[in-house]
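Coordinate inspection notes
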Amino acid sequence: MVQQISACLGRIETLSVDAIVNAANSSLLGGGGVDGAIHRAAGPDLVHECRLLGGCKTGQAKITSGYRLPAKFIVHTVGPVWRGGNAGEPDALASCYRQSLQIAADKGAVSVAFPSISTGIYGYPIEQAAPLAIATVLESLPQLPTVCEVCFCCFTETDLEIYQRELSRVQGSAA
Ligand code: ADP
């Protein structure tokens, strides 16, 4: 089966995919940035389901229904806070992408969209986060053959350029 990875510009809460990923905090009860946007768009039932999940550790992922979103599911993952790069941030960030894809695939998601986890309020430099995100998804997909489409949903033109540059670099030889 063909598996496609791409980057797009937009608000992730508007995407019609099977699962969108939320860059949540460990309480899973909502916050700023993409988390706030997802909770506002999904409606109040989302926080009720999130309360039952008992939080989430850094690098892990939990899944809920999408409620009022076009997406069927929301995968909530907690990225690492950037502390300079030697505090396990790359491993934790890679784990977010791996676990999110796995849990989405377990629910039968064929299309999954990711935001740029940790690169907002949590301060992870996007020049380092984007290549790691792409490499981790590329490594994970062969084990998840039912996932056909992964999109990196970028919030700014600058972020989109960084993702597109990296995607062309890694896919250049395969294209
Ligand atoms: P974190 O706390 O993990 O850093 P943020 O929500 O602050 O999470 O930022 C993660 C990324 O999501 C940033 O690149 C930010 O620009 C982006 N972002 C913010 N709102 C949205 C949205 N509605 N859709 C997609 N990406 C968004």
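Structure report, in brief. (Residues numbered from 1 in each chain as written. Predicted model: local features only at pLDDT ≥ 70, side-chain atom pairs only at ≥ 80, totals over all residues. Heavy atoms only, no water.)

1. Concerning the packing of aromatic side chains
Quick reminder of the rule: Here a pair means two rings of Phe, Tyr or Trp (six-membered ring of Trp) with centres within 6.5 Å. Their orientation is stacked below 30 degrees between planes, edge-to-face above 60, and tilted elsewhere. Secondary structure counts use DSSP, requiring at least four H or I residues in a row for a helix and at least two E residues in a row for a strand, with both numbered from the N terminus.
By the definition in use, this model includes five aromatic pairs. Consider the rings of W82 and Y124, whose centres lie 4.6 Å apart with planes at 55 degrees: the pair is tilted. Residue W82 is located in the loop between β4 (73-78) and α3 (89-106), and its partner Y124 is located in the loop between β5 (111-114) and α4 (126-140); the two are separated by 42 residues in the primary sequence. One aromatic cluster in this structure is built from Y97, F114, F152 and Y163.

2. Notes on the side chain of H76
For clarity, the cut-off: Nitrogen and oxygen atoms within 3.5 Å of one another constitute a polar contact, given that in protein one can donate a hydrogen and the other can accept it, and given that sequence-neighbouring residues count only through two side-chain atoms. In what follows, residue pairs with any heavy atoms lying within 4.5 Å of each other are defined as contacts.
Relative to the helices and strands, H76 is located in strand β4. A distance of 3.3 Å separates a polar atom in the side chain of H76 from a polar atom in the side chain of N22. Among all residues touching H76, those that are not within four sequence positions of it are N22, A24, L28, L46, C50, C56, Q60, A61, K62 and T64.

3. Overview of the site of the ligand
Applied cut-off: A molecule or strand has a residue near it when one of that residue's heavy atoms lies within 4 Å. Per-residue and other accessible areas were derived by the Shrake-Rupley procedure at a 1.4 Å probe size, with only the shown protein chains allowed to occlude residues. The definitions used throughout rest on a 1 Å grid laid over the protein atoms alone, on which a cavity is an enclosed set of points accommodating a 1.4 Å probe that cannot get out and a pocket is an open set flanked by protein within 12 Å on both sides along at least five of seven lines; lining residues are those having an atom within 4 Å of a point. A molecule is counted as occupying a cavity or pocket when more than half of its atoms fall within 2 Å of that pocket's grid points. Residue classes follow a fixed rule: Ala, Val, Leu, Ile, Met, Phe, Trp, Tyr, Cys and Pro count as nonpolar, while Asp, Glu, Lys and Arg count as charged, and any other residue, Gly among them, counts as polar.
Around the ligand, the structure places 16 residues, and the nearest of them are E13, V34, S118, G120 and I121. In this structure, a nitrogen atom belonging to the ligand sits 2.9 Å away from a side-chain N or O atom of E13. In the model, an oxygen atom of the ligand is placed 2.8 Å from a nitrogen or oxygen of the V34 main chain. Alone, the ligand offers 560 Å² of accessible surface; in the complex the protein occludes 91% of this. Using a 2 Å cut-off from the grid points, one finds that the ligand occupies the largest pocket. A per-element tally of the shell around the ligand places helix α1 (residues 33-42) first, with three residues. Here the residues of the shell around the ligand are counted per class, giving seven nonpolar, six polar and three charged.

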